[in-house]
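Here are the chains, one letter per residue:
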Amino acid sequence: MVNIKTYGIPYMGSKKKIIPSIHDALKDIEFDNILDMFTGTTRVAQSFRAVGKVAIANDLSEASQCYGSLFLEHPNPISLQPYLDQMNNLKGYEGWFTENYHGDTSNDERGDGRFMQYKNTIKVDAARDFIDTLNIDDISRKSLIACVLFSFSKVDNTTGQQQAYLKEWCDRSYRDIVFEIPGIIVGPIGRVYNVDCFDDRWTEGEIDVVYLDPPYSKNVWYPSYYHIYDSVAKWDKPPTVGKARRRIDRSSIGKKQGIHDEKFMNNNPWYSSNPAEGFVHLLDTFADSTFLISYSSDSALSKEETFDLLSSFGNVTFYSIEHKTNVLGVLGKSTSENKIITPKGKVNEYLYLVQR
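Residues numbered from 1 in each chain as written. Predicted model: local features only at pLDDT ≥ 70, side-chain atom pairs only at ≥ 80, totals over all residues. Heavy atoms only, no water.

Student: What is the right way to look at the confidence of the model for the chain in this model?
Tutor: Note: predicted coordinates in regions of low pLDDT should not be interpreted at a detailed level. When pLDDT is averaged along the chain, the result is 87, and 86% of the positions lie at 70 or above. A low-confidence stretch, residues 325-344 (pLDDT under 50), is modelled with 50 contacts involving residues beyond four sequence positions or located in other chains. (pLDDT = per-residue confidence, 0-100. Contact = heavy atoms within 4.5 Å.)

Student: I'm lost on the packing of aromatic side chains in this one. Help?
Tutor: By convention here, two paired aromatic rings are described through the distance between centres and the angle between planes. Within this structure, the stated rule accounts for 24 aromatic pairs. Between phenylalanine 97 and phenylalanine 115 the ring centres are 6.3 Å apart and the planes differ by 85°, which places this aromatic pair in the edge-to-face class. Residue phenylalanine 97 is found in helix H5 (residues 96-101), and its partner phenylalanine 115 is found in the loop between H5 and helix H6 (118-131); the two are separated by 18 residues along the sequence. Of the two residues, phenylalanine 97 and phenylalanine 115, neither departs from the other in class, the shared state being buried. A ring pair is formed by tyrosine 101 and phenylalanine 115, whose centres lie 6.1 Å apart and whose planes are at 70°; its orientation type is edge-to-face. Separated by 14 residues along the polypeptide, tyrosine 101 in helix H5 and phenylalanine 115 in the loop between H5 and H6 bring together distant segments of the chain. In this pair, the class of tyrosine 101 matches that of phenylalanine 115, namely buried. Three or more aromatic residues joined by ring pairs form one cluster here, namely Tyr11, Trp96, Phe97, Tyr101, Phe115, Phe152, Tyr165, Tyr225, Tyr226, Tyr229 and Trp235. Lying across the ring of tyrosine 193, arginine 201 places its NZ or CZ 4.0 Å from the centre. (Phe/Tyr/Trp six-rings, centres within 6.5 Å; stacked < 30°, edge-to-face > 60°. Helix = DSSP H or I, 4+ residues; strand = E, 2+ residues; numbered from the N terminus. Buried < 20%, exposed > 50% of the residue type's maximum accessible area, 1.4 Å probe, protein only. Lys NZ or Arg CZ within 6 Å of the ring centre and 35° of its normal.)

Student: What exactly am I supposed to notice about empty space enclosed by the protein here?
Tutor: Where empty space is left in the structure can be found by rolling a water-sized probe over the atoms. By the definition in use, this model includes one cavity of 30 Å³ or more. Of the voids in this model, the largest cavity is the one considered here, and its volume is about 520 Å³. Forming the boundary of the largest cavity are 38 residues, of which Tyr11, Phe38, Gly40, Asp59 and Tyr222 lie nearest the centre. Looking at which element gives the most residues to the lining of the largest cavity, the answer is helix H3 (residues 62-73), with three residues. Partitioned by chemical class, the residues of the lining of the largest cavity number 21 nonpolar, nine polar and eight charged. (1 Å grid on protein atoms, 1.4 Å probe; cavity = no way out; pocket = protein on both sides within 12 Å on 5 of 7 lines; lining within 4 Å. Points joined across faces, edges and corners; volume = space filled by probe spheres on them. Nonpolar A, V, L, I, M, F, W, Y, C, P; charged D, E, K, R; others polar.)

Student: Even after reading the chapter, I still don't get the packing of H6 against helix H7 (residues 138-152), so can you show me in this structure?
Tutor: Angle between the axes and distance between the axes are the two parameters that describe a pair of packed helices. At a closest axis distance of 10 Å, the pairing of H6 and H7 adopts a crossing angle of 170°. Taken together, H6 and H7 sit at an angle that is classed as roughly antiparallel. In contact with Val124, Arg128 and Ile131 of H6, H7 contributes Arg141, Leu144, Ile145, Val148 and Phe152. (Axes fitted to C-alpha atoms, helices over the stretch in contact; angles between N-to-C directions. Parallel < 35°, antiparallel > 145°, perpendicular 65-115°, else oblique.)

Student: Explain the pattern of salt bridges to me, please; I cannot follow it from the model alone.
Tutor: Two side chains with opposite charge may pair up if their charged atoms get near one another. Evaluated as defined, the whole model comprises 15 salt bridges. Across the pair aspartate 236 and arginine 247 runs a salt bridge, and its minimum N-O distance is 2.8 Å. Residue aspartate 236 is found in the loop between helix H9 (227-234) and strand S5 (240-241), and its partner arginine 247 is found in strand S6 (residues 246-247); the two are separated by 11 residues along the sequence. Given a relative accessible area of 1%, arginine 247 falls into the buried group. Put simply, Arg128, Asp132, Asp138, Arg141 and Lys142 are held in one network by salt bridges that share partners. (Salt bridge = Lys/Arg side-chain N within 4 Å of Asp/Glu carboxyl O.)

Printed below as a string of C-alpha cells:
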C-alpha cells in the first residue's frame, strides 16, 4: 500500500487512515484525473495530486475551497511566507471573531463561545482583516485563509467539533497562535469547485474517476459541526446564536425564523431517507467514469442495499476496511455469488469500485 503525506484538520469522517486503501483499490485502473466530489479537508485529493494525477476537488464548504486552493491549486505556496510573517507581527484587536469565540466573559460555567483564548482570537481578527486588504489573486487569498484555519487546531478548546467547547481551558489553548504554511503537495495543478454535486456543470468535460464520500446519515450535519471554519473563510461576520455561537443561518433557531443557508439546506437527498437517489443521479451523470465510493457500516443504506444498487451500473468490487487495523480485503464481486461478510462488532469503512 502507498503511504502518502497529506495535511488536514480534525474532521469527522476524515479519510486519512484509509487513503492507502483508496489508492490500492484503484491500482489497476488507468486514469489521468480524479474528482473528489465531497472533498472536505481535501486529504484524498491531495494524495492523488502527490502521485501525479490531476485532482479535482468539490465541496459546498467555503473553508474546503481554501484548503483546495492551498494544496491543489497554488503553484508556489512558499511565496505566501512574507504575508504570513506580516500576519504574525500584527497587533491583535477585538473584532467579530473575538466577540463570539473568546468565551472569557460568560457567566455560564460551560463558557459561551469558549473556542479560543482571548490572546489568540484578537490575532485571528487582525490576520483575517489583513488578508482582505491585500491586492493578491484569489487563489493566494484563499490559501492564506487556509493557513489561518489550520492554525486553529493547535490552540482551540474543542474535541474537534464546533458543536460545543470544553468547560475548562485545555493545555493547547494556552499556546500562542502561529500562522504558517501547514504543508505543501507537489504535483499537477488541480481544480477546485464550490457547487452542488447535482449541478449541471458536471455534465461538461470528462472525468476518469469519481471518488464519492457523501454524508452517511442525516444525524451528522457538517455545515453546523464546522461552522467557524466557514465563517472565517467567508468573513461575512454573521449573527450567531446558542452557546456554540453558531451562524444563525446554520442553526435550528435560524431555520425556525426562516433564516437558513439554502445552499446546504437544499443539498438532498444525502440528508433524507432516500440517499439512493443521490447515487443514481451521479452514476447517470458520469456515465463513462469509474466510481470509487466510501460508505460506512453505519450508513443510511446497508451494504447489501448499496451493493445491489451499484451493481445495476457495472461490475462492483467490494472492499471492507477495519479502521483500527486499516486492512483492505476484497470480500465479493457483483459478478459472482460470493457473500459479503463483515465481522460482528466491527465498525468498517466500505469501498465500492464500480467499473462500467
